Amino acid sequence: MMHAFHLSFALAIAALQPPLPDGAPALGFPVECVVGESCLIQKLVDHDPGPGRRDYRCGLLTTNGHDGVDIRLRTMADMRTGFAVVAAAPGTVLRTRDGEPVRSVEDRAVLDGKDAGNAVVIDHGDGWQTQYSHLRQGSISVRPGQRVGSGERIGLIGLSGNSEFPHLHFTVRHRGEAVDPFVGGAVPAPCNVEARPAGLWTAAAARSLGYAPTAVIAGGLASTVPPKAVADRDPPPGLGGRQAPLILWVDTIGARAGDRQHFSIAGPDGQIVHDQQSLVEGGGLSWFAYSGKRAPPTGWPGGRYTGRYLLKRDGATVATIETSETIK
C-alpha cells in the first residue's frame, strides 16, 4: 500500500533509529475505541529489511514495507456509526486533505497520488510528526496552522484512498523517517515474543495495546456465502428461511497454514446440525472461510440457531466467535 501524501510510503522501516532523542512525544491512542472490542489492530510496522515481513514481536501482523499501525473497524456499519480519530499528542496541524470519496480502492481506477485519502499531518516539534490517513470524507475538523491538544478530535475513521477496509493508518515520523511507536527508536530484540515495550505510547495507551496476532474480525450465519471484501459485504446476507442453506462464515486476522478450524451450528433444541473441521491452507494476514449445509427435505425447524467458530494452533484456541440468528 503506497501513501504519496507525505513523500513516499516505501520507507526503510527496518533501519529504525537509535535510541530516541529528547523531545519525542508521548503518544496517546489515536482512536476513540476499545482495542479487541470496537476496533482491532490489523497491521503493524514491518521490521524485515528484505522482501519478507516481520512485526516488532517477530510475528506476521504486517505487510512488506508497511510503515504504520492500521487500526480497523469490523464493519461498514461501524464506520457509519462514527469512531473519532484524535491527535496522539499536542502539536500544530501542518497539512490536511478532505473530499476523497469513501470507497474501496478496488472500486477506484486511479488514485492520482492520493493514496492516503483524506488525511491530517501534525507537527509535534523536534522533527516529530504524526499522520492520520484514510479518514471519512467531510469529517476533518482541523485546519493547517491550528494548535491541537492530545486527544482532540481531528476526524473520523473512513475508507478513502488506498484502502480496502475502514481503518486509520497511523504513521509516526522523526525527521522524515518512519518510527514504530511500539518500540520507539530502538530495534526490537530478535524474536522477543515476551517483550511488551511501551515505545512512544503513554502508560495508559500501552496498557490497552496487548499483542494479538490472530483475531476474528466478523462472522455470521447466512444462506448465501457473503463477499470477502468488507465494502461488498454491506450488509452481510442473512438467513433465507426454512428451505435455504445454513452457512457459518468468518473473516479473521492472522490465520496460519496448519491451523485447525472448527465450524459448528446448533439448532433451537441445542442439538448440533452441522459440524466440520479442516486445516487452514495458506492462511495469511486476512483469512475468509465458511462452512454449511443444505436444508433437510422437511426444512429447518423454526427457532434460534447458533454458530460457533474455533481456530486452533498447536492445540490452543487462538480465535473464536459465536453468533446467532432466528429462522422463522
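Thresholds applied
- Residues numbered from 1 in each chain as written.
- Predicted model: local features only at pLDDT ≥ 70, side-chain atom pairs only at ≥ 80, totals over all residues.
- Heavy atoms only, no water.
- Helix = DSSP H or I, 4+ residues; strand = E, 2+ residues; numbered from the N terminus.
- Contact = heavy atoms within 4.5 Å.
- Areas by Shrake-Rupley, 256 points an atom, 1.4 Å probe, with all protein chains shown as cover.
- Salt bridge = Lys/Arg side-chain N within 4 Å of Asp/Glu carboxyl O.
- Buried < 20%, exposed > 50% of the residue type's maximum accessible area, 1.4 Å probe, protein only.
- Phe/Tyr/Trp six-rings, centres within 6.5 Å; stacked < 30°, edge-to-face > 60°.
- Lys NZ or Arg CZ within 6 Å of the ring centre and 35° of its normal.
- Polar contact = N/O pair within 3.5 Å; in protein donor to acceptor, adjacent residues only side chain to side chain.
- Pairing = 2+ DSSP bridges.
- Axes fitted to C-alpha atoms, helices over the stretch in contact; angles between N-to-C directions.

(A) The overall build of the chain, seen in detail. Per the secondary structure count, the chain includes 2 helices and 17 strands. Within the chain, residue pairs in contact and separated by at least 24 positions form 70% of the contacts whose partners lie at least 6 positions apart. In the form shown here, the chain has an accessible surface area of approximately 14,200 Å², with 50% of it arising from carbon and sulfur atoms.

(B) Quick peek at the pattern of salt bridges. In the structure shown here, the tally under the stated rule is 6 salt bridges. A salt bridge links Asp 67 to Arg 173, with the shortest nitrogen-to-oxygen separation between them at 3.9 Å. Taken together, the residues Asp 67 in the loop between β1 (40-43) and β2 (69-72) and Arg 173 in strand β9 (residues 167-174) connect sequence positions 106 residues apart. Since its relative accessible area comes to 0%, Asp 67 is described here as buried. Across the pair Arg 313 and Asp 259 runs a salt bridge, and its minimum N-O distance is 2.8 Å.

(C) Representation of the packing of aromatic side chains in the model. Counted by the stated rule, this structure contains 10 aromatic pairs. Measuring from centroid to centroid gives 6.4 Å for Phe 288 and Tyr 290, while their planes differ by 55 degrees, and the two rings are tilted. Residue Tyr 290 is classed as partly exposed on the basis of its relative accessible area, which comes to 47%. The rings of Phe 29, Tyr 56, Tyr 132, Phe 170, Phe 182, Trp 201 and Tyr 211 are connected pair by pair, giving a single aromatic cluster. The lysine or arginine in question, Arg 72, covers the ring of Phe 165, its NZ or CZ lying 4.3 Å from the ring centre.

(D) Representation of unusual backbone geometry. Cis geometry marks the peptide bond from Asp 234 to Pro 235, where omega comes out at -5 degrees. Looking at where Pro 235 falls in the secondary structure, it is placed in the loop between β11 (215-222) and β12 (246-256). Phi is positive for Cys 58, which is not a glycine, with a value near 65 degrees. Checked against the element boundaries, Cys 58 lands in the loop between β1 and β2. Unusually for a residue other than glycine, Arg 175 sits at a positive phi of about 55 degrees. Along the chain, Arg 175 falls in the loop between β9 and β10 (177-179). With relative accessibility at 67%, the residue Arg 175 sits in the exposed group.

(E) Structural context of the side chain of Arg 313. Its place among the elements puts Arg 313 in strand β16 (residues 303-313). A polar contact is formed between the side chain of Arg 313 and the side chain of Thr 214, at a distance of 3.2 Å. The residues contacting Arg 313, other than those within four sequence positions of it, are Thr 214, Gly 254, Ala 255, Arg 256, Asp 259 and Val 318.

(F) Looking closely at the sheet that holds strand β17 (residues 316-327). Taken in spatial order, the 4 strands of this open sheet run β14-β13-β16-β17, and their pairing is antiparallel. Looking at strand neighbours, the two that pair on one side only are β14 (272-279) and β17, the edges of this open sheet. Looking at each pair of strands side by side, their axes are set apart by 10 degrees on average, direction ignored. Bridge analysis of β16 against β17 gives 11 bridges, and the strand direction is antiparallel. Each residue of the ladder has a partner; that of Arg 308, found in β17, is Glu 322.

(G) Geometry of the sheet that holds β11. With respect to topology, 3 strands assemble into an open sheet ordered β11-β12-β15, the strand pairing being antiparallel. If you trace the sheet from one side to the other, it starts and ends with β11 and β15 (283-293), each paired once. Ignoring strand direction, the axes of neighbouring strands in this sheet form an average angle of 15 degrees. In this sheet, β12 lies alongside β11 in antiparallel orientation, the contact comprising 7 bridges. Each residue of the ladder has a partner; that of Gly 219, found in β12, is Val 250.

(H) Geometry of the environment of Gln 243. Tracing the chain through its elements places Gln 243 in the loop between β11 and β12. Remark: the alpha-carbon pair of Gln 243 and Ser 223, spanning 20 residues in sequence, is separated by 9.6 Å. Ignoring any residue separated from it by four or fewer positions in sequence, one finds Gln 243 in contact with Ala 295, Pro 296, Pro 297, Thr 298 and Gly 299.

(I) Structural view of the side chain of Arg 233. By the element assignment, Arg 233 lies in the loop between β11 and β12. A polar contact is formed between the side chain of Arg 233 and the backbone oxygen of Pro 227, at a distance of 3.2 Å. Those residues in contact with Arg 233 that lie beyond four places of it in its chain are Pro 226, Pro 227, Lys 228, Trp 249, Asp 251 and Phe 288.

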